[in-house]
Amino acid sequence: MNYAEILTRLGIGEADLAGGSLAVRTPIDGSEIAKVPELAPEKMADVIATSKAAFKKWRMVPAPRRGELVRLLGEELRAAKDDLGQLVTLEAGKIFQEGLGEVQEMIDICDFAVGLSRQLYGLTIASERPGHRMQETWHPIGPVGIISAFNFPVAVWSWNAALALVCGNPVIWKPSEKTPLTALACQKILEKAIARFGDDAPAGLSQVVIGGAALGEALVTSEDVPVISATGSTRMGRIVGPKVAERFGRSILELGGNNAMIVSPTADLEMAVRAIVFSAVGTAGQRCTTLRRLFVHDSVYDQLIPRLVKAYAGVPAGNPLEQGVLMGPLIDSDSFDRMQGSLAAAKETGATVHGGARQLEDKFPNGYYVTPAIVEMKSQEQVMKDETFAPILYVMRYSDLDDAIDMQNDVPQGLSSCIFSTDVRETEAFLSDAGSDCGIANVNIGPSGAEIGGAFGGEKETGGGRESGSDAWKAYMRRATNTINYSRELPLAQGIKFDI
Ligand code: UN1
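Residues numbered from 1 in each chain as written. Predicted model: local features only at pLDDT ≥ 70, side-chain atom pairs only at ≥ 80, totals over all residues.

## Some thoughts on the sheet that holds strand 7 (residues 206-208)
Here is the rule: Pairing between two strands requires that DSSP report at least two bridges joining them. Numbering goes from the N terminus for both helices and strands, where a helix is a DSSP run of H or I of at least four residues and a strand is a run of E of at least two. Axis definition: a line fitted to C-alpha atoms, limited for helices to the stretch in contact. Angles are taken between N-to-C directions and run from 0 to 180 degrees.
Pairing within the open sheet is parallel, and its five strands lie in the order 7-6-5-8-9. Lying at the two open borders of the sheet, with one neighbouring strand each, are strand 7 and strand 9 (250-254). Neighbour to neighbour, the strand axes of the sheet diverge by 15° on average, direction disregarded. Pairing of strand 5 (residues 144-147) with strand 6 (residues 171-174) involves four bridges; the strand directions are parallel. Within strand 6, the residue paired with valine 144 across the bridge is valine 171.

## Brief notes about helix 11 (residues 298-313)
Definition in use: To estimate how far a helix should extend, the number of its residues minus one is multiplied by 1.5 Å. To get the bend at a given residue, fit one axis to the seven residues ending there, fit another to the seven starting there, and take the angle between those axes. Residue burial is a threshold on neighbouring C-beta atoms within 10 Å of the residue's own C-beta, all placed from the backbone, with 20 or more meaning buried, 12 or fewer meaning exposed, and counts in between meaning partly exposed. What counts as a contact here is a pair of residues whose C-beta atoms, placed from the backbone, lie within 7 Å.
End to end, helix 11 covers 23 Å across 16 residues, agreeing with the expected 22 Å (1.5 Å per residue, within 8%). Within helix 11, the axis deviates most sharply at leucine 304, by approximately 30°, and proline proline 306 lies no more than four positions further along. Those residues of helix 11 that sit buried are Leu304, Leu308 and Tyr312. Looking at the buried residues of helix 11, the elements they touch are strand 10 (259-263), helix 10 (269-281), strand 11 (291-297), strand 12 (352-354) and strand 15 (373-376).

## So, the pairing of strand 18 (residues 416-420)
Of all the five residues making up strand 18, five are buried; the element is thus mostly covered by neighbouring parts of the structure. Neither face of strand 18 is exposed, since Ser416, Cys418 and Phe420 on one face and Ser417 and Ile419 on the opposite face are all buried. Relative to strand 18, strand 10 runs parallel, the two being bridged by four bridges. The residue of strand 18 that forms the bridge with isoleucine 262 is isoleucine 419. Direction of pairing for strand 18 relative to strand 19 (residues 440-443): parallel, over a ladder of four bridges. Bridging across to strand 19, cysteine 418 finds its partner in asparagine 442.

## Examining the UniProt feature "domain: Aldehyde dehydrogenase" (unreviewed entry) in the protein
This is how it is decided: UniProt positions are given in the numbering used here, feature names are shortened, and annotations may be inferred rather than shown by experiment.
UniProt tags residues 21-479 as "domain: Aldehyde dehydrogenase" (unreviewed entry). A helix fraction of 40% and a strand fraction of 20% characterise residues 21-479, whose end C-alpha atoms lie 42 Å from each other.

## Things to note about the domain arrangement of the protein
Note the cut-off: Segmentation into domains, and thus their bounds, comes from an automatic or database assignment. All residues other than Ala, Val, Leu, Ile, Met, Phe, Trp, Tyr, Cys, Pro, Asp, Glu, Lys and Arg, Gly among them, are scored as polar; the first ten of these are nonpolar and the last four charged.
Domain parsing of the protein yields domain 1 (39-255 + 463-482) and domain 2 (259-443). Taking only C-alpha atoms, the centre of domain 1 and the centre of domain 2 are 31 Å apart. The interface of domain 1 with domain 2 comprises 10 residues on the first partner and 13 residues on the second. Of the residues assigned to the side of domain 1 that touches domain 2, the class counts are three nonpolar, three polar and four charged.

## As for the site of the ligand
Condition: In this analysis a residue is considered near a molecule or strand if the C-beta atom, reconstructed from its backbone, is found within 6 Å of that molecule or strand.
Contacts to the ligand come from Glu105, Asn151, Phe152, Val156, Thr231, Arg287, Cys288, Thr289, Ser448, Gly449 and Ala450. Split into classes, the residues belonging to the shell around the ligand amount to four nonpolar, five polar and two charged.

## Re the pairing of strand 9
So the rule is basically this: Place the viewer so that the strands point away; then a crossover is right-handed whenever the path from the first strand over the helix to the second strand goes clockwise.
Strand 9 sits mainly inside the fold: four of its five residues count as buried. Where strand 8 (residues 227-231) meets strand 9, five bridges bridge the pair, whose relative direction is parallel. Each bridged residue has a counterpart across the sheet, and for alanine 230 the counterpart in strand 9 is leucine 253. Between the parallel pair strand 8 and strand 9, the chain is carried across by helix 9 (residues 234-246), and the sense of this crossover is right-handed.

## A closer look at the sheet that holds strand 3 (residues 123-125)
Taken together, the three strands give an open sheet; going across it, the order is 3-4-23, and neighbouring strands pair in antiparallel fashion. The strands lining the two open edges of the sheet, one partner per strand, are strand 3 and strand 23 (477-485). Across this sheet, the average inter-strand angle for adjacent strands is 25°, counted without regard to direction. Direction of pairing for strand 4 (residues 132-140) relative to strand 23: antiparallel, over a ladder of nine bridges. The partner of glutamine 135 across the bridge, within strand 23, is asparagine 482.

## Considerations on unusual backbone geometry
With a phi close to 55°, threonine 283 is a non-glycine residue in the positive phi region. Within the element layout of this structure, threonine 283 appears in the loop between helix 10 and strand 11. A positive phi is found at asparagine 444, a non-glycine position, where the angle reads about 60°. Residue position: asparagine 444 is located in the loop between strand 19 and strand 20 (455-456).

## Structural notes on the UniProt feature "active site" (unreviewed entry) in the protein
What UniProt calls "active site" (unreviewed entry) maps, in this numbering, to Glu254. Summarising the element assignment, glutamate 254 is placed in strand 9. Residue classification places glutamate 254 among the buried residues on the basis of 29 C-beta atoms within 10 Å. Non-local contacts of glutamate 254, meaning those with residues more than four positions away in its chain, are made with Thr231, Cys288, Gly457, Thr462, Gly463, Gly465 and Glu467.

## Examining the confidence of the model for the protein
Close reading of the predicted structure is inappropriate where its pLDDT is low. Cut-off, in case you're wondering: What pLDDT reports is the predictor's confidence in each residue, on a scale of 0 through 100.
Predicted confidence across the protein gives a mean pLDDT of 98, with 100% of residues reaching 70 or more. Confidence estimates for the predicted assembly give a pTM of 0.97 and an ipTM of 0.98.

## Some remarks on the packing of helix 4 (residues 63-92) against helix 5 (residues 96-116)
Stated formally: With respect to orientation, any angle under 35 degrees is reported as roughly parallel, any angle over 145 as roughly antiparallel, any angle of 65 to 115 as roughly perpendicular, and every other angle as oblique.
Interhelical geometry of helix 4 versus helix 5 gives an angle of 175° and a closest axis separation of 8 Å. The angle between helix 4 and helix 5 falls in the class roughly antiparallel. Per-class residue counts for the contact of helix 4 with helix 5 are 13 nonpolar, six polar and five charged.

Encoded structure:
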């Protein structure tokens, strides 16, 4: 695999890497791919000033015209799909199919945002006063700061950037320090679209800033960045959320998940097994939507678990660029250590652990490949309530659906969830007001792999933010309520008399 060729095709040249200080390693074998220049935190003020200037111009460009830029971005992404997908695989270690899927997700959100650019609808509202009219209008809000994680290094940016741009806002992106190359590549792809779009796009409409926590802090504490959209760990969200709130900024937080599946007595077990393996093992268990907890009804437990253990044993792990491989490496050794720590903690509770050991160490001494783990728990202990970003699937029995739903909800996170059942009473109970408390609740599909058309995010420690489809765009705009008096009187609302 020639990294240099992919980088060149994606427009990343020597000039972009000159003076590079941040070593980028591929998790495939731990080797260094490049060194990327970092931005000093003091320079963030200039970045934000540029973004503010860009905002003044961009907000005046009509929304459908802004949509045209995102349409061109979608075209450029289509052209770069293979190369960008490969770079995602190199940098994040997910299999190439999933790298391609991630780029497809970017293309999809661009298409969505193009349509949205003609549908930033407000409301008309009946006024209680004669000769008055009320309306609600939506306006660009200002620079949007995007903080993204290594596991979806490009798609999460695009959900935010495509919406922010059609909503009339410039973007400042701080990618994970583990995946800066894919961020530089996205910036190059967007720059190509901007060059085709023409002069309506102001300089600095999109900026990428690479660096560590101090740089992130300079972004999130700035009063000139009204919206911060941050995706990553709950630990990161606990730092970012209060800092943004302190200055009355708006944050869109998409943090940890501890996603569950309930397999009921009427489930199609064949489908369930496939869904479980994809959602627990895909991306080596490093999606925020990864299936981490499985509640299986007593009556099907002894059928399902052996099938699952067998399916797990057949999951081909290895170089994620190779066809046929279904599971790549963990991102790094820290991640491997955390996985081992959680497995040890589970064992201490009396759990039975299948798999979970390191593999392919001879071939990749600096790559952290594991066999995915199934952990049969006796009860929902603390280790199961924490999110470990690795392919560990905790499994438990249940006998009563209400108990299973309670156990599912009894964790601090609230991102995604699902039920496998062909009984409409069960599936409707799961989706009801007394059902899953997550932002995503599915029936007969796994908890991961959401389409972009829905709002994406969840409750509790997941942070409450919503990105991507539905009306998530509203978080990227300023809402104004307008009351217009076209009469010759000045009646007050609530009938208040105030005559002078
Ligand atoms: C994430 O892991 O941060 O639903 C995003 C999914 C993907 C997005 C995951 N569409 O699994």
